[in-house]
Amino acid sequence: MQNDFGIAILAAGKGTRLKSRRPKVLHEIGGQALLLHVIAAAKTIAPAGQIDCIIGHEADKVRAAVAHTGVGFVLQTQQRGTGHALQQLKQHFAAANLAPPPHLLVLSGDVPLIRPETLAALTALHLREHAAMTILTAVPPDPTGYGRILRAQNDAQAVAAIVEQKDLPSGDPGPPEINSGIYCFETAALFANLGKLSDNNASGELYLTDIAGLLVAAGRRVVALQADSVDEVLGANTIAEMMHLDARLRLATAQRLMAQGVTIFRPDTCVIDAQVEAAADTIIEPYVQLLGNTRIGADCRIRSYSVIEDCTLGDNVLVRNGCILHDARVGDAAQIGPYAHLRPGSEIGASAHVGNFVETKKVTLGKGSKANHLTYLGDAVIGAGTNIGAGVITANYDGLNKHQTTIGDHVFIGSDSTLIAPITVGDNTLIAAGSTITEDVPADSLALGRSRQTTKPGWVTARKSARK
Ligand code: UD1
Ligand code: CA
């Protein structure tokens, strides 16, 4: 039964090889921390209440970043190796007087591309083989740096031991099959052998990998499952390895979207986070970034150099080149850009247009309304069928407080008008171009708020003749 599995995720290490102040498991690929990828995979095998993260280096930061997932935490104050990490888990169960789960799936916080199908296959094999330990392995093109699997004689599935690359005799390339750092254990067998680990090795650490040899010496069965794809077991020990995984993950995301009918030109140039969704017949041009929790409908076109984060776009939306959209919602058939900036709280109605060099913040723009050029709209509710002329500004900030602007339906705001908030402009009104509007405008009115023009015919000619 899969329910017999508890899960431990090793996430206490510093990640020395990254040369970074940020703990390794909080580095991001595909827009999400390594550890969150691993927790998501773990949750496909057991509920959050059966998952424990072993944390140590920058434990508070790591805990804060993933606590929302509901997993438990076990502290490994000093990081004396992967075997030492599981000694802390054993002590945690003992101290809390908790019965450990019959089987333990151990995941590595820095092996983030692991697929649920592979974990299911690993747990199934473990139970079927009645193994004390089942190791997920792979044969990558370059096994440098990984622990290696020493296979047993006369049994295709069995393993004799794992040897770390550092502990291979010098000049020995070692076997090509690597240890992924992902295992199933019969918990009692693991816990019975943890005390026998020694740090007499090249790193001076307690290696979890030594448990394989100890179990075999005790007459227990240790087997291995080779992963179908090498990518999913690759670890991230350096920034370069991390960026390799990031590229693999983003390519997989692009491929998932393309399989759903989304056209992505030059997907290698696009930065698309793992959770992004888009519907069929949407076209994504080169050099687009789709980040966070972004949802794009069908038949949209996102033109090059636009960055869209945490947004929801309806169907048939056109986002022209170079737009920045953050935490905004855009209705069906709306057109945005080029070079528009939709800031948080922007709600752009169906068929509305937001044109070049227009910035919006906390704005509702009604159905079919247009703000096509050089405009700032902040803290405003704008009705349907309204036209906002070029250069219009909602003056929403008096230096201390933000104030609201309300504009009705079918309003025409002439170019270069300033609406000094708080202010309400009624339905069917017309604001003359160049107005500064400081008082509410009732429905169906014309408002002019500008100084009267004086024209003096012949004045220039008169000046010229006076100079002679
Ligand atoms: C480990 C394996 C190696 C395997 C590789 C796969 C050991 C001894 N070696 O090597 O066989 O091929 O993973 O990626 O296990 N951690 C702790 N506490 C510690 C030390 C590490 O929680 O005291 C955590 C780290 O945060 C990391 C994981 O354990 O998430 C693996 O540690 P790391 O130092 O990266 O091990 P590798 O050298 O990659
Ligand atoms: Ca590692």
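Check the entry above for the structure.
Residues numbered from 1 in each chain as written. Chains lettered and ligands numbered in written order. Predicted model: local features only at pLDDT ≥ 70, side-chain atom pairs only at ≥ 80, totals over all residues. Heavy atoms only, no water.

Novice: For this particular structure, what's the right way to read the site of ligand 1?
Specialist: In the neighbourhood of ligand 1, 25 residues make up the surrounding shell, with Gln76, Gly81, Thr82, Glu164 and Asn179 lying closest. Interatomic distance of 3.2 Å between a side-chain N/O atom of Arg17 and an oxygen atom of ligand 1. Between ligand 1 and Gly81 there is a distance of 2.8 Å, counted from an oxygen atom to a backbone nitrogen or oxygen. With respect to the pocket detection grid, ligand 1 is positioned in the largest pocket. No other element matches strand β10 (residues 178–186), which puts three residues into the shell around ligand 1. Its residues assigned to classes, the shell around ligand 1 shows seven nonpolar, 13 polar and five charged. (Near = heavy atom within 4 Å. Polar contact = N/O pair within 3.5 Å; in protein donor to acceptor, adjacent residues only side chain to side chain. 1 Å grid on protein atoms, 1.4 Å probe; cavity = no way out; pocket = protein on both sides within 12 Å on 5 of 7 lines; lining within 4 Å. Sits in = over half its atoms within 2 Å of the grid points. Helix = DSSP H or I, 4+ residues; strand = E, 2+ residues; numbered from the N terminus. Nonpolar A, V, L, I, M, F, W, Y, C, P; charged D, E, K, R; others polar.)

Novice: Just checking my understanding: could you explain the pattern of salt bridges for this structure?
Specialist: A pair can form between side chains of opposite charge whenever their charged atoms are brought close. Using the criterion set out here, one finds 18 salt bridges in the structure. Among the ionic pairs, Arg250 bridges to Asp273, the shortest N-O distance being 2.8 Å. Taken together, the positions of Arg250 in helix α7 (residues 239–259) and Asp273 in the loop between β13 (271–272) and β14 (277–278) put the pair 23 residues apart, joining distant regions of the chain. By the burial criterion, Arg250 is buried, and Asp273 matches it. A salt bridge links Glu359 to Arg343, with the shortest nitrogen-to-oxygen separation between them at 2.5 Å. Note that Glu359 is positioned in strand β27 (residues 353–365) and Arg343 in the loop between β25 (341–342) and β26 (346–348), a separation of 16 residues in sequence. By relative accessible area, which is 26% here, Arg343 ends up partly exposed. Sharing partners across several salt bridges, the network here consists of Arg115, Glu117 and Glu232. (Salt bridge = Lys/Arg side-chain N within 4 Å of Asp/Glu carboxyl O. Buried < 20%, exposed > 50% of the residue type's maximum accessible area, 1.4 Å probe, protein only.)

Novice: Please explain the layout of surface pockets as it appears in this structure.
Specialist: Using a probe with the size of a water molecule, rolled over the atoms, empty space left in the structure can be pinpointed. Estimates place the volume of the largest pocket at around 1200 Å³. In terms of lining residues, the largest pocket is bounded by 38 residues, among which Arg17, Lys24, Thr82, Glu205 and Asn237 are the most central. Only β1 (5–11), α3 (82–95) and β10 provide two or more residues apiece to the lining of the largest pocket. The element best represented in the lining of the largest pocket is β10, accounting for four residues. A class-by-class count of the residues in the lining of the largest pocket yields 11 nonpolar, 19 polar and eight charged. Volume-wise, the second largest pocket comes out at about 500 Å³. What lines the second largest pocket is a set of 21 residues, among which Leu113, Ile114, Arg115, Leu249 and Ala252 lie closest to the centre. Listed by contribution, the elements that provide at least two residues to the lining of the second largest pocket are α1 (34–42) and α7. (Points joined across faces, edges and corners; volume = space filled by probe spheres on them.)

Novice: I keep staring at the coordination of the calcium ion (ligand 2) and nothing clicks. Help me out?
Specialist: Six octahedrally arranged donors around a metal ideally form angles of 90 or 180 degrees; four tetrahedrally arranged donors ideally form angles of 109.5 degrees. Asp110 (OD) and Asn237 (OD1) make up the full set of protein donors to the calcium ion (ligand 2), lying at 2.2 to 2.5 Å. Taken as a pair, Asp110 in the loop between β6 (103–108) and α4 (116–128) and Asn237 in the loop between β11 (222–226) and α7 lie far apart in primary sequence, 127 residues in all. (Donors = N, O, S within 2.8 Å, 3.2 Å for Na, K, Ca; no water.)

Novice: Would you mind showing me how to read the packing of aromatic side chains here?
Specialist: Tallied over the entire structure, the rule returns four aromatic pairs. Look at Tyr287 and Tyr305: their rings are 5.7 Å apart centre to centre, the planes differ by 15 degrees, and that puts the pair in the stacked class. Linking Tyr287 in the loop between β15 (283–284) and β16 (289–291) with Tyr305 in the loop between β18 (301–302) and β19 (307–309), this pair joins segments that are 18 residues apart in sequence. We classify Tyr287 as partly exposed; its relative accessible area is 40%. Under the relative-accessibility criterion, Tyr305 is labelled exposed at 53%. Across the ring face of Tyr397, the terminal group of Lys402 is positioned such that the distance to the ring centre comes to 5.2 Å. (Phe/Tyr/Trp six-rings, centres within 6.5 Å; stacked < 30°, edge-to-face > 60°. Lys NZ or Arg CZ within 6 Å of the ring centre and 35° of its normal.)

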